[in-house]
Every structure is written in structure tokens, then in C-alpha cells.
Amino acid sequence: MRTSTSLLRVFRPQVQERLYDFYEELRSADDFFWDRTLGAWIATGHAVVSKAAGDPGLSSVRYPDIEAVPEELRPLARVLSRQMLYSDAPDHPRLRALISRAFTPRAVETLRARIFEAVDRIITDAAPTGRMDIVADLARPLPLTIICDLLDVPQQDRPALASWSEPIAEAIGNSRLDADRNREASQSMTDMLAYFRELLTRYDTPPAPHTLRALVTAQAGNTDQDLDELLANCALLLIAGHETTTHFIGNATLALLRHPHAADRLRRHPELLPAAVEELLRYDAPVQLMLRRARHDLDLAGRTVSEGQTVLLVCGAANRDPAVFPDPHVLDFERAGGRHMAFGHGPHFCLGAALARLEGAIVLEALLSRLPGLRLDSTEPQQWQRSLNFRGLTRLDVAFTPPSAGHDSGTQGMPTTSSPYGVGSATHAGACPAPPGPGGVAGA
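This one's a predicted model, so the numbers in the text were calculated from it and none came from an experiment.

Trainee: Mind showing me how you'd approach empty space enclosed by the protein here?
Mentor: Where empty space is left in the structure can be found by rolling a water-sized probe over the atoms. Here the second largest cavity is characterised by a volume of approximately 60 Å³. Around the second largest cavity, the lining is made up of ten residues, and of these Thr 244, Thr 245, Pro 286, Phe 343 and Ala 356 lie nearest the centre. Top element by residues in the lining of the second largest cavity is helix α13 (residues 227–258). It accounts for three residues. Of the residues assigned to the lining of the second largest cavity, the class counts are eight nonpolar, two polar and no charged.

Trainee: Could you clarify how one ought to interpret the packing of aromatic side chains in this entry?
Mentor: What characterises a pair of aromatic rings is the spacing of the ring centres plus the angle enclosed by the ring planes. Summed over the entire model, instances satisfying the criterion amount to seven aromatic pairs. Where Tyr 20 meets Tyr 23, the ring centres are 5.7 Å apart and the plane angle is 75°; that geometry is what we call edge-to-face. Taken as a pair, Tyr 20 and Tyr 23 lie in helix α2 (residues 19–29) at a separation of three residues, close to a single helical turn. Note on Phe 22 and Tyr 23: the rings are 6.4 Å apart at their centroids and 35° apart in plane angle, and the pair reads as tilted. By the burial criterion, Phe 22 is buried, and Tyr 23 matches it.

Trainee: Whenever I open this one, the side chain of Glu 279 confuses me. Can you help?
Mentor: Residue position: Glu 279 is located in helix α15 (residues 273–283). Residue classification places Glu 279 among the buried residues on the basis of a relative accessible area of 4%. Separated by 2.9 Å, the side chain of Glu 279 and the backbone nitrogen of Asp 332 make a polar contact. In this structure Glu 279 touches Val 330, Leu 331, Asp 332, Phe 333 and Arg 335, once residues within four positions along its chain are discounted.

Trainee: Help me understand the sheet that holds strand β5 (residues 131–133) in this model?
Mentor: Hydrogen bonds along the backbone pair up the strands of a sheet, which may run parallel or antiparallel. Reading across from one edge, β5-β11-β10 is the order of the three strands in this open sheet, with antiparallel pairing throughout. Every other strand in the sheet has two partners, leaving β5 and β10 (375–376) as the edge strands with one partner each.

Trainee: Any chance you could explain helix α7 (residues 112–126) here in plain terms?
Mentor: In this model α7 runs 21 Å from its N-terminal to its C-terminal C-alpha over 15 residues, within 8% of the 21 Å that 1.5 Å per residue would give. Residues of α7 that are buried in the fold lie against α6 (105–109), β5, α8 (134–139), α9 (141–151) and α17 (353–370).

Trainee: I would appreciate a short explanation of the pattern of salt bridges in the present structure.
Mentor: Side-chain pairs of opposite charge can arise where the charged atoms are in close proximity. Inspection of the entire model under this criterion finds 28 salt bridges. The closest approach of N and O atoms between Arg 94 and Asp 91, which form a salt bridge, is 3.1 Å. Here the residue Arg 94 and the residue Asp 91 both occupy positions in helix α5 (residues 91–100), the gap between them amounting to three residues, near one helical turn. The exposure class of Arg 94 is partly exposed, given its relative accessible area of 36%.

Trainee: How do you make sense of the packing of α15 against α17 when you look at a structure like this?
Mentor: When two helices pack together, their arrangement is given by the angle between their axes and by how far apart the axes lie. Running from amino to carboxyl end, α15 crosses α17 at an angle of 110°, the nearest separation of the two axes being 10 Å. Judged on the interaxial angle alone, α17 and α15 are roughly perpendicular. Every residue of α17 that contacts α15 at Leu 273, Val 277, Glu 278, Leu 280 and Leu 281 is listed here: Arg 357, Ala 361, Leu 364 and Glu 365. Its residues placed into classes, the contact of α15 with α17 shows six nonpolar, no polar and three charged.

Trainee: What's the story with the layout of surface pockets in this structure? I'm lost.
Mentor: By volume, the second largest pocket is sized at about 390 Å³. Lining the second largest pocket are 18 residues, with Glu 166, Glu 170, Arg 181, Gln 385 and Arg 386 sitting closest to its centre.

Trainee: For this particular structure, what's the right way to read the pairing of strand β2 (residues 32–35)?
Mentor: In the case of a regular strand, side chains alternate between the two sheet surfaces. Here four bridges tie β2 to strand β3 (residues 40–43), and the two strands are oriented antiparallel to one another. Residue pairing in the sheet places Phe 33 in a bridge with Ile 42 of β3. The turn joining β2 and β3, which pair antiparallel and follow one another in sequence, is formed by four residues; a positive phi near 65° is taken by Gly 39.

Parameters and conventions
- Residues numbered from 1 in each chain as written.
- Predicted model: local features only at pLDDT ≥ 70, side-chain atom pairs only at ≥ 80, totals over all residues.
- Heavy atoms only, no water.
- 1 Å grid on protein atoms, 1.4 Å probe; cavity = no way out; pocket = protein on both sides within 12 Å on 5 of 7 lines; lining within 4 Å.
- Points joined across faces, edges and corners; volume = space filled by probe spheres on them.
- Helix = DSSP H or I, 4+ residues; strand = E, 2+ residues; numbered from the N terminus.
- Nonpolar A, V, L, I, M, F, W, Y, C, P; charged D, E, K, R; others polar.
- Phe/Tyr/Trp six-rings, centres within 6.5 Å; stacked < 30°, edge-to-face > 60°.
- Buried < 20%, exposed > 50% of the residue type's maximum accessible area, 1.4 Å probe, protein only.
- Polar contact = N/O pair within 3.5 Å; in protein donor to acceptor, adjacent residues only side chain to side chain.
- Contact = heavy atoms within 4.5 Å.
- Pairing = 2+ DSSP bridges.
- Expected span 1.5 Å × (residues − 1).
- Salt bridge = Lys/Arg side-chain N within 4 Å of Asp/Glu carboxyl O.
- Axes fitted to C-alpha atoms, helices over the stretch in contact; angles between N-to-C directions.
- Parallel < 35°, antiparallel > 145°, perpendicular 65-115°, else oblique.

Right under this line is the structure:
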């Protein structure tokens, strides 16, 4: 079916605020349709999205013809083409093999104390003020800290990496930037790769043990491994590893603030936290879509997709499909059945899913247990980033009751062994109710 409605409407601020109502309108009309404006097939139903995500007839290669890309964007496109996120077999499993060793449940578990310490410091600093911007003060710096720890990036270099990451993420999520913004994104990627090349070939300071730098440094001596590929995938981890978790934390916090009864229930029943993380990911996912291209003519959902045509899999819409999630607009921490698509599906299932779950859970636990009276501190409509791919707030101002004089607002308020995600818990980061799926950032 062809429709006059285009997915491009999500760029409108008024549509961003009611994004899931818009998705419902699209899905109700047709869950798989040709978007004439975008020149692409749009999949919004859970069945077609999940099927297409693992269909070998669809390719994940984003730029099949680099020369067709605007000249100012080609440097970025060449790097993205070396990343596992935009690769197919046999390159995809080969590229993923080394990086995946840094994201095993045991490896992620070693980061638990570091995440706890970082969250504790941020909350302790903010508590006396009674106010904070969740995005700028917590959701953005925390994942950057953790992914840089994983990569073994020195503290003094981290601001530069953050500044390079933003224009790259913007270009990935928005195919309609002007030439200057595309040029900035390409230059940022060039600078980031030059930095990683220097970091990974630095011999004056040995890599910290159990970090990705240590793994990659050891692998770099293997003549069968292309160093440029390693560098490109380190860049992917930095960008995806902190951009998506930043958006998850912001989106989840907003959802809880807009549903105070759900927040109160979670505060009183912390054993629901693992299930709450999954439901919050379903409810407002940080990554909204996946791009695929038809390798050859194929049938999908009863439609003929021609060779070379683009298929956009709208995971955010699939997560609100009532055929899989009854009452999909309700935030229900005891929801049964159904598997959300926030981390993708199939071979490209998100490599960092366990880490994102752990970071989000520790943050939510801290916000609910240590900031009494937590509430929105603005009556203005929320501002969302302009992106087809990412769903994230530009800021989220909150207020809460500061601790009374002489009250210790430190770590004593944070649960430990009593909570499934506490710092002393034996629960592994990967032990969430939903299975991790095959493979195993967003959707690497």
C-alpha cells in the first residue's frame, strides 16, 4: 500500500511530543507501506519488524555506493562502512568477535562498582541543591565515563571525545543535514580515529587490564586484523555506547515522572527493577529504527520489495504494537509476554545491552531512593532531539527535597544486597528477565 503520510513528520516538534500516537496512526493504516517522500518501505508492526531484522535477504550496509554520498559526507561514510553495525556476514561476525569479549556478563559485572561510584558522586553533589538537569548532569556524563573506562581513555581526553561524538551521532540520525553539518561530522570522525590510533599504538603507558584497549592492543599485532577496522569499531562503541544509554536514562526518568504511581510502586518494590528496566526500554526506546536494504527482489509481509530498496524498521512503533503488547501505552512493570525491540533483533542484537541495562537500573534506583519528592521542574513541553534514528531529550529539569541539615545524603541511601541491581548483589548484569537474543551498539 502507498500512503501520503511520511515518516519524516517525526522531525516536527509537535509530532515528537505525541510520537507513539503518530506511530499508531501509521500502523493502523498499514504496518508496512511505501513512503514516497523518503523513497523507502516503512515497517511499524512487531511481526514484520522482527522478521525483517533477521532476514538474510536484507542487508545492513548503509552506504552501498560511497560515490553516491555527498562529497562532504564521504569520509564519515567510509568509516561507518567498516563498522559492524553496517556490515553483513561474513564481515559482521568477524568484526564483532573481538569487541564482544568486552561485553560478556563477567566483563560487564566488573564495571558495576565503577557505575555505582559515578552515580553516587553525581547524586551526592546534586542532592543539596534540590535541582538538576537529568540529561546534562547525569544521563550524559555517566555513560561517557563508563565507555571511556572500558576503552581506557585518560580523563583529560574525554571532553574532546564527547565533542566529536555529538555531530557524528547527529549525522547518523539525520540524513538531511546541510553540507556544513555533514562536513563537521566527517571532520569529527577523522579526529576521533586519529585519537584512537594514537591511543592504541601508545607504548609509554600500558593499557589497564580487562579494558577494550588491552584486548585491541593485543589483537593489533595480528596481521590478519585490519587496524582501521578496529579503530572504526572503537568509534562505534564510543558513540553508540554513550549516546543510546544517555537517551535511555533521560527517557526512562521522564516516563517515571509522568507516571508517579508507577514510580511509587517501583520505590516500594525494588525487586521489580529488572522488569521495570525492560518495560521502560519498550515504552520509550532510545533507538527508534534500523535500516536495511534488499539484496534482491523479495517478498516481505505480502509486498514485493525490489532489489536495492531501503526498508526502515521502526522499532519504537513495534514496541507499541497492541498485537504483542496489550494496552501498549500503559507503563506496566508486570507485563507478561512479548519481547521489545529496543536492542534490535537477530544477528545485530545490541552488543552493549547488558551494560545499558545495568547503568539504567543503578541510575533509576538511585533517583528513586535518594531524591525524595522527585518531580518535573518545568511546565514547558519537553524538547526532543531532531532525529529519525535516536529518541532523546535535550534536557530534563527536575526538582526534589534537599536533605535536611546534618542528614547524610551519601551512599547509605543506596541499596546493596537487598536489591537485584545493588552494588553488592550477586546478580549478573546479563541476568535480566528478557533473554539477550541471538548474537550478543544499538544493534551492532
